[in-house]
Amino acid sequence: MLLTTTIADEILEWKQKRRAILLAHHYQESEIQELADVVGDSLELARKAREFSGRVIAFCGVWFMAETAKVLNPGRMVVVPDREASCSLVDGCPVESVREFRRLHPEYAIVSYINTSIEVKAESDILCTSRNAVQVVNSIPAEQPVLFLPDSNLGNYVKKQTGRENMKIWQGTCIVHATFPARRLAESKAEHPRAKVVAHPECPESVLAMADFIGSTSSLIEWCVASDAAEFIVMTESGVNHSLKKLAPQKQFYYVANENCNCSECPYMKMNTLEKLRDCLRNLEPRVELSADVMRRALVPLERMLAVK
Ligand code: 13P
Ligand code: SF4
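A.B. asks: Quick question: what am I supposed to make of the nonpolar core here?
C.D. replies: Burial of nonpolar side chains together is a common tendency in soluble globular proteins. Judged by nonpolar contacts, the single largest core of 83 residues is most densely connected at Phe-59, Val-111, Phe-148, Met-235 and Met-305. Non-local contacts of Met-305, meaning those with residues more than four positions away in its chain, are made with Leu-43, Ile-114, Ile-126, Leu-127, Cys-128, Thr-129, Asn-132 and Val-136.

Here's what the structure looks like:
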């Protein structure tokens, strides 16, 4: 019998040779999620990497997530399938503008969403993710003004939840979530009247206003799995369908197309392929290399965030 080696077999072989762990974000293609040691949201992935032994972390997500994993695992090599897998929020928040804000407004606490470059993180007082943004802002003394960056929809949501008046919000957006039209969600609700709506806080306020639950990618999955409902309209990247169908195969999940690609996929996340994953394990490139200084400075706001309950 002729045995054929698949790319998945090659990946597993290289993973063993490199003593690597494979981390995948929920927005990765299903075949990548299937091979991963851990699938999670951006915070979980950074944290979980520390629980594994192994020399190499192969990070299947976008670049800022791999940088975060490197800061938390400085002794390990972090490789990624595609160096170009960025994020519109990172690209819309250059470090020079953040430094200028700091120079003009030294009294502000800068709260940076994890979807920022490592240089921006290094300029920040504390970081947050979509899972803990409300608690992080609440941890800052009420009298201190706050700059929240870079996602304006998440910032507006946090401002509303915390009731915080002295909060400026950067005007960045996610090209996937910010272009989900409320009109299309309303049409989907009319088509599936029994469905519950879950939404990522990067969605516009008009979409969030129709949601039964708002949370990070992992929180949305957990909520749908635990819910008594049988149908859900899921207002985030459709890669979450992989875990949803695995954990709740009897339930129905519907997705709404955004206005950019007429789909609900992140073009950056989808740059990663099985071939590129195999190659990064084989070549140990592209690799996250950060200066000791930027890692030291970015670790401070990262550890502050991790300490917030
Ligand atoms: P999570 O932190 O929920 O994984 O979100 C990351 C992200 O990029 C959402 O678009
Ligand atoms: Fe960035 Fe949006 Fe893609 Fe998330 S979905 S990585 S926020 S562009």
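Back to the text.
A.B. asks: What is the right way to look at the state of the cysteines in this model?
C.D. replies: Structurally, a disulfide amounts to a covalent bond that connects the sulfur atoms of two cysteines. Summed over all chains, the structure comprises 1 disulfide. Linked covalently through their sulfurs, Cys-261 and Cys-263 form a disulfide whose S-S length is 2.0 Å. Because the torsion about its S-S bond is -95°, the bridge between Cys-261 and Cys-263 counts as left-handed. With no disulfide of its own, Cys-128 has Cys-93 as its nearest cysteine by sulfur position, at a separation of 12 Å. There is no disulfide at Cys-224, and the cysteine sulfur nearest it, in Cys-203, is 13 Å away.

A.B. asks: What is the right way to read helix 10 (residues 182-191) from this model?
C.D. replies: Within an α-helix, residues lying three or four positions from one another point in the same direction, as the helix has 3.6 residues per turn. Of the residues making up helix 10, those classed as buried are Ala-182, Leu-185 and Ser-188. Taken end-on, helix 10 shows its buried residues confined to a sector of 120°, consistent with a single buried face. Of the residues in helix 10, the exposed ones pointing more than 90 degrees away from the buried face are Ala-190 and Glu-191. Buried-residue contacts for helix 10 involve strand 9 (196-199), helix 11 (205-208) and strand 11 (231-235).

A.B. asks: Teacher, can you tell me more about the site of ligand 2 here?
C.D. replies: With respect to spatial proximity, the complete set of residues near ligand 2 consists of Tyr-27, Cys-87, Ser-88, Leu-89, Asn-115, Cys-174, Val-176, His-177, Glu-202, Cys-266 and Tyr-268. Here ligand 2 is seated within the largest cavity. Per-class residue counts for the shell around ligand 2 are 7 nonpolar, 3 polar and 1 charged.

A.B. asks: Before we go on, may I ask you to explain unusual backbone geometry in this structure?
C.D. replies: Most of the time, phi is negative for any residue but glycine, and the peptide bond is trans. The amide bond that connects Leu-149 to the next residue, Pro-150, takes the cis arrangement and shows omega of -5°. Within the secondary structure layout, Pro-150 lies in the loop between strand 7 (146-149) and helix 9 (152-162). Put simply, Glu-285 and Pro-286 share a cis peptide bond, and its omega is -10°. With respect to the helices and strands, the residue Pro-286 is situated in the loop between helix 14 (274-283) and helix 15 (292-307). Of note in the backbone geometry, Asn-262 takes a positive phi value of approximately 60° without being a glycine.

A.B. asks: So what exactly am I meant to see when it comes to empty space enclosed by the protein here?
C.D. replies: A probe as big as a water molecule, rolled over the atoms, marks out the empty space that is left. All chains considered together, the criterion is met by 1 cavity of 30 Å³ or more. Its volume calculated, the largest cavity comes out at about 250 Å³. Along the walls of the largest cavity sit 25 residues, with Tyr-27, Met-65, Asn-115, Glu-202 and Met-269 positioned nearest its centre. Of all the elements in the fold, those that place two or more residues in the lining of the largest cavity are helix 4 (63-72) and helix 5 (88-91). The residue inventory of the lining of the largest cavity, partitioned by class, reads 13 nonpolar, 10 polar and 2 charged.

A.B. asks: Can you walk me through the pattern of salt bridges in this structure?
C.D. replies: Opposite charge on two side chains permits pairing when their charged atoms draw close. In the structure shown here, the tally under the stated rule is 21 salt bridges. A salt bridge links Lys-15 to Asp-37; the nearest nitrogen and oxygen atoms lie 3.2 Å apart. Pair noted here: Lys-15 is in helix 1 (residues 7-18) and Asp-37 is in the loop between helix 2 (30-35) and strand 2 (38-40), with a separation of 22 residues, a long-range link. With relative accessibility at 16%, the residue Lys-15 sits in the buried group. Lys-276 is the partner of Asp-82 in a salt bridge, and the nearest nitrogen-oxygen pair spans 2.7 Å. With Asp-82 in the loop between strand 4 (77-79) and helix 5 and Lys-276 in helix 14, the pair connects residues that are 194 residues apart, well separated along the chain. A network of salt bridges, in which partner residues are shared, links Arg-99, Glu-123, Asp-293, Arg-296 and Arg-297.

A.B. asks: Whenever I open this one, the site of ligand 1 confuses me. Can you help?
C.D. replies: All residues adjacent to ligand 1 are His-25, Tyr-27, Asp-41, Ser-42, Met-65, Asn-115, Ser-130, His-177, His-200, Glu-202, Ser-216 and Thr-217. Interatomic distance of 2.7 Å between a side-chain N/O atom of His-25 and an oxygen atom of ligand 1. At 2.6 Å from an oxygen atom of ligand 1 is found a side-chain nitrogen or oxygen belonging to Ser-42. For ligand 1, the accessible surface in isolation is 300 Å², of which the surrounding protein chains cover 96%. Because more than half of its atoms lie within 2 Å of the grid, ligand 1 is assigned to the largest cavity.

A.B. asks: Would you explain the packing of helix 4 against helix 15 in this entry?
C.D. replies: The relative placement of two packed helices comes down to the angle between their axes together with the axis-to-axis distance. For the pair helix 4 and helix 15, the least separation of the axes is 10 Å and the interaxial angle reads 90°. What the angle tells us is that helix 4 and helix 15 run roughly perpendicular. Contacts from Thr-68, Lys-70, Val-71 and Leu-72 of helix 4 reach helix 15 at Met-295, Ala-298, Leu-299, Leu-302 and Leu-306. Across the contact of helix 4 with helix 15, the residue classes break down as 7 nonpolar, 1 polar and 1 charged.

Analysis parameters
- Per chain, residue numbering runs from 1 following the sequence as it is written.
- Labels are handed out in written order, letters beginning with A for the chains and numbers beginning with 1 for the ligands.
- Given that this is a predicted model, residues contribute local features only at a pLDDT of at least 70 and side-chain atom pairs are listed and counted only at 80 or more, while totals for whole chains, interfaces and linings are drawn from all residues.
- With hydrogens and water stripped out, all remaining heavy atoms of the structure feed into the side-chain values.
- Nonpolar cores were defined as sets of buried Ala, Val, Leu, Ile, Met, Phe, Trp, Tyr and Cys residues, with membership established by side-chain atoms within 4.5 Å.
- Under the scheme applied here, a residue whose accessible area is under 20% of the maximum for its type counts as buried, over 50% as exposed, and between as partly exposed, the area being computed with a 1.4 Å probe on protein chains only.
- Any two residues whose heavy atoms approach within 4.5 Å at even a single point are treated as in contact.
- Counting rule for disulfides: a pair of cysteine sulfur atoms within 2.5 Å.
- Secondary structure elements follow DSSP: runs of H or I no shorter than four residues count as helices, runs of E no shorter than two count as strands, and numbering proceeds from the N terminus.
- Of all possible arcs, the one meant is that of the directions from the helix axis to the C-beta atoms.
- Note on terminology: near, applied to a residue and a molecule or strand, indicates that one of the residue's heavy atoms is within 4 Å of it.
- Using a 1 Å grid laid over the protein atoms alone, points where a 1.4 Å probe fits but cannot get out form a cavity; open sets with protein on both sides within 12 Å along at least 5 of 7 lines form a pocket; any residue with an atom within 4 Å of a point counts as lining.
- Criterion for pocket placement: a molecule counts as inside a cavity or pocket if more than half of its atoms are within 2 Å of its grid points.
- For this scheme, ten residues count as nonpolar: Ala, Val, Leu, Ile, Met, Phe, Trp, Tyr, Cys and Pro. Four count as charged, namely Asp, Glu, Lys and Arg, and the remainder, Gly too, count as polar.
- Grid points are joined across faces, edges and corners, and a volume is the space filled by probe spheres set on the points.
- Salt bridge, as used here, is a side-chain nitrogen of Lys or Arg placed within 4 Å of a carboxyl oxygen of Asp or Glu.
- We define a polar contact as two N or O atoms separated by no more than 3.5 Å, with the added condition that, inside protein, one atom must be a possible hydrogen donor and the other a possible acceptor, whereas residues neighbouring each other in sequence contribute only through side-chain atom pairs.
- All accessible areas in this document rest on Shrake-Rupley with a 1.4 Å probe, and a residue is counted as covered only by the protein chains that are shown.
- Convention adopted: a line fitted to C-alpha atoms gives each axis, helices being fitted over their contacting stretch, and angles between N-to-C directions are expressed from 0 to 180 degrees.
- Convention used here: angles under 35 degrees read as roughly parallel, angles over 145 as roughly antiparallel, angles from 65 to 115 as roughly perpendicular, and any remaining angle as oblique.

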